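Residue-level structural notes
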Amino acid sequence: MRPVPSPRVQSEIEAANATDRIPVLFVHGLWVLARSWAPWAELFEARGYAPILADWPGDPETVEEARREPAAFHGQTVSRTLEALVTVVEALERRPAIVGHSFGGLFAQ
C-alpha cells in the first residue's frame, strides 16, 4: 500500500489540478524538510507555475517538530519514499516538472 500524501501536499495537488498551470514538484534531500523549498515555490508560483513541496513519508511539518521527534525519520526507505512521490505524480492531472536537490535529485531522475 502506497503512502498517502499529507494534508498539505494533498491541498497543493488539488490546487494544481484546479488550474491550467504546469505543476512543479520539489523534492528535498536528506536532512531537510519540504519547507526548505518555500522560497523557490514562491518564485515559481509568481512565474505562473503550481508548486508542490513533496514530503517523504512520516516527515514532520516543521524543523521544531523534527527536533522534538527525531524518531520520525527512523525506518525511512528509498522505496517507500519513491512510492510516495509516484503517488503525488499520479494524482496530478498534468505532467509535472520535477526539481530535486541532493538525494531528492536522485528521486527526481
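Preceding block: the structure.
To keep things clear, this report deals only with the structure shown in the data block. (Residues numbered from 1 in each chain as written. Predicted model: local features only at pLDDT ≥ 70, side-chain atom pairs only at ≥ 80, totals over all residues. Heavy atoms only, no water.)

**Things to note about the overall build of the protein**
Tallying secondary structure elements over the protein gives 5 helices and 3 strands in all. Helices and strands in the protein line up, N terminus first, as α-β-α-β-α-α-β-α. The C-alpha atoms of the protein give 13 Å as radius of gyration, which agrees with the globular expectation for 109 residues (13 Å, within 12%). For the protein, the C-alpha atoms occupy an extent of roughly 40 × 30 × 25 Å along the three principal directions. Out of the 109 residues belonging to the protein, those deemed buried represent 38%. (Helix = DSSP H or I, 4+ residues; strand = E, 2+ residues; numbered from the N terminus. Rg over C-alpha atoms; globule rule 2.2 N^0.38 Å. Buried < 20%, exposed > 50% of the residue type's maximum accessible area, 1.4 Å probe, protein only.)

**Overview of the pattern of salt bridges**
Applying the stated criterion across every chain, the model contains 5 salt bridges. The residue Glu12 makes a salt bridge to Arg8 at a minimum N-O spacing of 3.0 Å. Taken together, the residues span about one helical turn, with Glu12 and Arg8 both in helix H1 (residues 7-17) at a distance of 4 residues. Both residues of the pair, Glu12 and Arg8, count as buried. (Salt bridge = Lys/Arg side-chain N within 4 Å of Asp/Glu carboxyl O.)

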